[in-house]
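If you want the building blocks of each chain, they are given just below.
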Amino acid sequence: MPHPSPVTSPTPPAWPHRAHNPTPDDSVGCRGIHVPGHTACLAHLADPDRDTYLSGLVPGSDIDHRGTTFTEPLLNDLLATVRDSESGRPTFGNARFESATFTGDTNFESAIFAGYAGFSETTFTGRAWFGKATFTGNAWFAETRFTGSAEFREATFTGDAWFGKATFERDTEFGMATIAGNARFHSTAFKQTASFGPLECAGRLQLSGAVFGGPVTLLISARRLECRRTRWSATAELRLRYATVDFAQAVFEYPLMITAEASPLALNNGQPMAEQALAGSPDATVRMASMRGVDAAHLVLADVDLSQCLFTGTVHLDQLRLEGTCTFDKVPAHTSWQHWHPVRFTQRHTLAEEHHWRARQPAAVPG
């Protein structure tokens, strides 16, 4: 089966390029940036010149191959030149692959990106392996297209990880990944099965506007999980720790369950996740911040804190299923006076909106 062609823009790139092989469908042609000291990209460089360039690279070298098309052999040659002899891991400094195209399978497994890792608007036409890769700077995969399966199993991000508006055509896995900064998957399309976790994110994990086309399992320890306007087109299970969850205007027509896990999430070997990135958090309580605008008919919540959750606009709230211990807020201690007699609120469970409403009442007199 032929690989789908990468989506190209009719606008030439800003960097110097030679525009090899333009076609009626692509008037720009090759967008590969010039190799330093030459007037062609790495893919179109003459063999002797390519060999000379590659021989000058060492582990930790900065590279810039924006817009370049990599075949499997060409990528393997590049990886071989920056492979550390002791660890056996390909090691880059700053690595710029924005708008590049990787044909066939791409194997960055165990690679170390010691600086900035740029893969924005890149196309992977086959399977993309980033398992056990380490990103010590920010990693950008914004608007990247994965037409084969994508694997980030055991990947470590010590900065931010950006996958906004990316497209994953096949199965996607982020198992046992660790993100020390924020992770952004806003408006990202997961067209088949997606597996997140166990995944640890010290900052915010943003899935707002994302679309999940197949069944999804999220096992996540994070400080905040944002799923505003996220669309779930199949069954979904979210097993969480620590997170404050914003689920406003999320859309789902199949059963979706959000569960707070009392114990650390288990890795594939059965050992608990260390959760080092979340050290110092007061507790692992999962708190719902908002369910505004949600149709709760297919929603199950288990062992979550609903005391601060906003429900305005939620429909079929009577069909919301609660399991385990789900906590609500209580009416605050308060006394008002009517006809010279004190009136006190009865202690009961209430929604966060009632607190907001009572705070706006002009006749409210603290007790």
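In short, a report on the structure. In this numbering scheme, every chain counts its residues from 1 along its sequence in written order. At least 70 in pLDDT is required for a residue's local features to be given in this predicted model, at least 80 for side-chain atom pairs to be given and counted, and no such filter applies to totals for whole chains, interfaces and linings, which use all residues. For the side-chain quantities, the full set of heavy atoms in the structure was used; hydrogens and water were omitted.

### Here's the deal with the pairing of strand β22 (residues 194-206)
For the record, the criterion: Exposure is judged per residue with a 1.4 Å probe applied to protein chains only, and the accessible area is read against the type maximum: over 50% gives exposed, under 20% gives buried, and values in between give partly exposed. Numbering of helices and strands runs from the N terminus, with a helix taken as a DSSP run of H or I at least four residues long and a strand as a DSSP run of E at least two residues long. Pairs of strands are assigned from DSSP output, requiring at least two bridges between the strands.
The element β22 is largely enclosed, with a buried count of 11 among its 13 residues. Sheet analysis places strand β18 (residues 172-173) next to β22, joined by 2 bridges and oriented parallel. Paired with Glu-173 across the bridge in β22 is Ser-195. Note that strand β19 (residues 177-179) and β22 share 3 bridges and pair parallel. By the bridge assignment, Ile-179 is partnered in β22 with Cys-201. Where strand β20 (residues 183-184) lies against β22, 2 bridges are found, and the strand directions are parallel.

### A look at unusual backbone geometry
Note the cis peptide between Gly-197 and Pro-198, where omega equals 0°. Position of Pro-198 among the secondary structure elements: in strand β22. Of note in this structure, Ser-99 is not a glycine but carries a positive phi near 65°. Even without being a glycine, Lys-132 presents a positive backbone phi close to 65°. Among the secondary structure elements, Lys-132 is positioned in the loop between β10 (128-129) and β11 (134-135).

### Points about the pattern of salt bridges
Convention followed: Between Lys or Arg on one side and Asp or Glu on the other, a salt bridge is scored when a side-chain nitrogen of the former is within 4 Å of a carboxyl oxygen of the latter.
By the definition in use, this model includes 18 salt bridges. Between Glu-226 and Arg-224 there is a salt bridge, and its shortest N-O distance comes to 3.0 Å. With a closest N to O distance of 2.7 Å, Glu-261 and Arg-239 form a salt bridge. In this pair, Glu-261 is assigned in the loop between β29 (256-260) and β30 (287-290) and Arg-239 in strand β26 (residues 236-241), connecting sequence segments 22 residues apart. Under the relative-accessibility criterion, Arg-239 is labelled partly exposed at 26%.

No statement about biological role is implied by the geometric values presented.
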